[in-house]
2 protein chains.
Amino acid sequence: MTYCVGVLLDEGMIFASDSRTNAGLDNVAKFSKMSVFERAGDRLIVMLSSGNLAGTQAVIGLLNQRCNAPDATECLWNATTMYDVARLVSDAMREIDRRDSPYLEDNPAGFNASFILGGQIGSEPMRLFRIYAEGNFIEAGVDTTYFQTGEVKYGKPILDRVIKRNTPLADGAKCVLVSFDSTMRSNLSVGMPIDLICYQKDELAVRMRRKFGEGDGYFRELSREWSKGTRQVFRGLPDLAW
Amino acid sequence: MTYCVGVLLDEGMIFASDSRTNAGLDNVAKFSKMSVFERAGDRLIVMLSSGNLAGTQAVIGLLNQRCNAPDATECLWNATTMYDVARLVSDAMREIDRRDSPYLEDNPAGFNASFILGGQIGSEPMRLFRIYAEGNFIEAGVDTTYFQTGEVKYGKPILDRVIKRNTPLADGAKCVLVSFDSTMRSNLSVGMPIDLICYQKDELAVRMRRKFGEGDGYFRELSREWSKGTRQVFRGLPDLAW
């Protein structure tokens, strides 16, 4: 399985993804699910992938190859809006689907790549998309602060309680990490390392990026302090009268 | 959908269930999912049901009818252990399944009643079971403090962080209520009223029972204080260095 979160705040955006992939319980591996396309001062595009690894890698590979082609007409580097980027990703997904699907017909997994896509290009506002496996997509509006993919339920309540559009970027990042900690405690199919990017609005470059591996000091402290804090909150909650 | 939790602590047991049933989004109703069989000083048996309502009601109805039959040979009132109670529930489930299944073959929902069963009989220790739709069941051991059914994922992280076998009964009850609050905030298929029983070990009677309806003052305060408390914990968490 997978757990990915993309958050859109007034101050900026947060992207986070786990790295566990598995084809059955006895075939577990680590692959980063975060792809970054950055040209400082011009654009930052982040993709978080979920679904069948062969499918997501094929899509990212195709997008990358087109980025590097000397005669590229339409690619992530010359798209002028994030909407156009979403369409390019969608087109690549459908191309891979057409190529692979006939050979996957007998495979219940099939082609099921899907993405959270976000970023900023030039003077456009920051934008956040959720692209479904079929290649259609939705964009976060004023009432939508985040998109999740994969094992979304465990980590959703904390996002729902804490994240508002005006939440400071630093608090949002801590909340996303706690959401990952909660998910990993309750579900074995989501695992470290966690890739995290905090993007400050209008910077058009990544200045805050971290990878949290097994035993990471900060992540352990965050998890410990969160558990301690919540137990304290419990002790302070009003007692129930019967 | 449904959300039910049964907790086994050193001090006692907690049972909680929501009341929302739905057959499609336009057919939503309220039915309590908690059934209590109590004979003060002798036994307390609590069943939390999930799955198709016609199935769970049929099972509870059959058990009740057998309890009330004047010539009852085997029923919940004369079972001498909770294990025997679990077998009686299982037998009733299989009987209903045999009766109904041939008529439900074309219905994707089919017969899918399942139960959390717990309680105490005489001098036996408290025991907690999870009975699957097929009628087989598991019992909570020393490492298992709770069973959930239905929409279990949203409310699991808080149980995993807080509930230990030696958690005081009052704290456990608050934690279960917060688990319900988290679930209801993130998922519309779980809804009030919430039935709650806190059973104090060896009392062999229900002294603490509450139903929390829409707008319940205590529940609202609990939810508000929990949200406020967790946001405070966030502000106190160590900042991330980049």
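Use the structure listed above.
Residues numbered from 1 in each chain as written. Chains lettered and ligands numbered in written order. Predicted model: local features only at pLDDT ≥ 70, side-chain atom pairs only at ≥ 80, totals over all residues. Heavy atoms only, no water.

A. View of the environment of P238(B). When you line up the elements, P238(B) lands in the segment after α5 (217-236). Overall, P238(B) belongs to the buried group, its relative accessible area being 19%. Beyond its immediate chain neighbours, meaning those up to four positions away, P238(B) contacts K174(A), Y218(A), E221(A), L222(A) and E225(A). (Helix = DSSP H or I, 4+ residues; strand = E, 2+ residues; numbered from the N terminus. Buried < 20%, exposed > 50% of the residue type's maximum accessible area, 1.4 Å probe, protein only. Contact = heavy atoms within 4.5 Å.)

B. Geometry of the pairing of strand β5 (residues 34-39) of chain A. Residue and element names in this part refer to chain A. Examined bridge by bridge, β5 and strand β6 (residues 43-50) share six bridges and lie antiparallel to one another. Residue pairing for β6: V36 is matched across the bridge by V46. What sits between β5 and β6 in their antiparallel hairpin is a turn of three residues, with G41 showing a positive phi close to 85°. (Pairing = 2+ DSSP bridges.)

C. The arrangement of the interface of chain B and chain A in detail. On the side of chain A, 43 residues touch chain B, which itself brings 43 residues to the contact. Summing both sides of the interface, chain B and chain A together bury roughly 4100 Å²; the carbon and sulfur share of this comes to 67%. Contact with chain A buries surface across chain B, with R161(B), F234(B) and W242(B) losing the most and accounting together for 23% of the total. Where chain B packs against chain A, one counts six salt bridges. We note a salt bridge from E151(B) to K153(A), for which the minimum N-O separation is 3.0 Å. Taken together, the connections running from chain B to chain A amount to 22 residue pairs in polar contact (both at pLDDT 80 or more). Going through the elements one at a time, α3 (156-162), α4 (169-186), β11 (194-200), β12 (208-212) and α5 of chain B are the ones with two or more residues in the side of chain B that touches chain A. Of the residues forming the side of chain B that touches chain A, the biggest block, 13 residues, is contributed by α5(B). (Buried area = accessible area lost by both parts, 1.4 Å probe. Salt bridge = Lys/Arg side-chain N within 4 Å of Asp/Glu carboxyl O. Polar contact = N/O pair within 3.5 Å; in protein donor to acceptor, adjacent residues only side chain to side chain.)

D. Here's a closer look at the relation of the copies chain B and chain A. The transformation that overlays chain B on chain A combines an axial shift of 0.0 Å with a rotation of 180°, and the residual RMSD is 0.0 Å. In symmetry terms, the pair is related by a two-fold rotation axis. When each C-alpha of chain B is compared by its distance to the rotation axis, Y154(B) comes out closest, at 2.3 Å. Same-surface contact between copies: 100% of interface residues of chain B are shared with the interface of chain A. (Least-squares fit on C-alpha atoms with pLDDT ≥ 70 in both.)

E. Expanded view of the sheet that holds strand β9 (residues 137-139) of chain B. Residues and elements named next belong to chain B. The five strands lie next to each other as β5-β6-β7-β8-β9, forming an open sheet whose pairing is antiparallel. Lying at the two open borders of the sheet, with one neighbouring strand each, are β5 (34-39) and β9. Neighbour to neighbour, the strand axes of the sheet diverge by 15° on average, direction disregarded. Each of β5, β6 (43-50) and β7 (114-121) is contacted by helix α1 (residues 53-68), which is oriented at about 155° to β6, the strand it contacts most. Against the sheet, helix α2 (residues 82-104) touches β6, β7, β8 (127-131) and β9, its axis set at about 150° to β7. (Axes fitted to C-alpha atoms, helices over the stretch in contact; angles between N-to-C directions.)

F. View of the side chain of N187(A). Residue and element names in this part refer to chain A. Structurally, N187 can be placed in the loop between α4 (169-186) and β11 (194-200). Of the polar contacts made by the side chain of N187, one reaches the side chain of Y154; its length is 3.4 Å. A polar side-chain atom of N187 sits 2.6 Å from a polar atom in the side chain of S189. Setting aside residues up to four positions removed in sequence, N187 forms contacts with E151 and Y154.

G. The arrangement of the packing of aromatic side chains in detail. This structure, assessed with the given rule, holds 14 aromatic pairs over all chains. When the centroid spacing of 4.6 Å and the interplanar angle of 40° are considered together, the rings of Y3(B) and F180(B) count as tilted. Taken as a pair, Y3(B) in strand β1 (residues 3-8) and F180(B) in helix α4 lie far apart in primary sequence, 177 residues in all. Across the pair, exposure class does not vary: Y3(B) and F180(B) are buried alike. A connected cluster of aromatic rings, assembled from ring pairs, spans Y83(A), F129(A) and F137(A). (Phe/Tyr/Trp six-rings, centres within 6.5 Å; stacked < 30°, edge-to-face > 60°.)

H. Expanded view of the pairing of β8(B). All names here are of chain B. Summarising burial for β8: five of the five residues are buried, a large majority. Covered by surrounding structure in β8 are R127, F129 and I131 together with L128 and R130, the residues of both alternating faces. Where β7 meets β8, five bridges bridge the pair, whose relative direction is antiparallel. Its bridge partner being in β8, I116 is matched across the sheet by R130. The antiparallel pairing of β7 with β8 creates a hairpin that spans five residues between the two strands, and G122 there sits at a positive phi of about 50°. Examined bridge by bridge, β8 and β9 share three bridges and lie antiparallel to one another. Paired with I131 across the two strands is F137, which belongs to β9. Adjacent in sequence and paired antiparallel, β8 and β9 are bridged by five residues, among which G135 carries a positive phi angle near 95°.

I. Examining the nonpolar core more closely. Ranked by size, the top nonpolar core spans 68 residues in total, and within it I14(A), L177(A), F212(A), I14(B), L177(B) and F212(B) carry the most contacts. Those residues in contact with L177(B), other than ones at most four positions away along the chain, are L240(A), I194(B), L196(B), F212(B), Y218(B), F219(B) and L222(B). (Core = buried A, V, L, I, M, F, W, Y, C linked by side-chain atoms within 4.5 Å.)

J. Layout of unusual backbone geometry. Residues and elements named next belong to chain A. That bond from M192 to P193 is cis: its omega, -5°, falls within 30 degrees of zero. Among the secondary structure elements, P193 is positioned in the loop between α4 and β11. Phi is positive for D202, which is not a glycine, with a value near 70°. Checked against the element boundaries, D202 lands in the loop between β11 and β12 (208-212).

K. Representation of the state of the cysteines within the structure. Enumeration over the complete set of coordinates arrives at zero disulfides over all chains. Lacking any disulfide linkage, C75(A) is separated from the closest cysteine sulfur, that of C67(A), by 4.6 Å. (Disulfide = S-S within 2.5 Å.)

L. Just α2(B), in detail. All names here are of chain B. Helix length check: α2, at 23 residues, gives a terminal C-alpha distance of 31 Å against a target of 33 Å (1.5 Å per residue), a fit within 8%. When the local axis directions of α2 are compared, the greatest deviation, roughly 35°, occurs at R98, which is followed within four positions by the proline P102. Turning to α2, its buried residues number three or more, namely M82, V85, A86, L88, V89, S90, A92, M93 and I96. (Expected span 1.5 Å × (residues − 1). Bend = angle between axes of the 7 residues up to and from the residue.)

M. Representation of the packing of α4(A) against helix α5 (residues 217-236) of chain A within the structure. All names here are of chain A. Direction vectors running N to C along α4 and α5 enclose 85°, while the axes themselves pass 10 Å from each other. Regarding the angle of α4 to α5, the classification is roughly perpendicular. Within the contact between the two elements, α4 uses K174, L177, V178, D181, M184 and R185 and α5 uses Y218, F219, L222, S223, W226 and S227. Residues of the contact of α4 with α5, tallied by class, amount to seven nonpolar, two polar and three charged. (Parallel < 35°, antiparallel > 145°, perpendicular 65-115°, else oblique. Nonpolar A, V, L, I, M, F, W, Y, C, P; charged D, E, K, R; others polar.)

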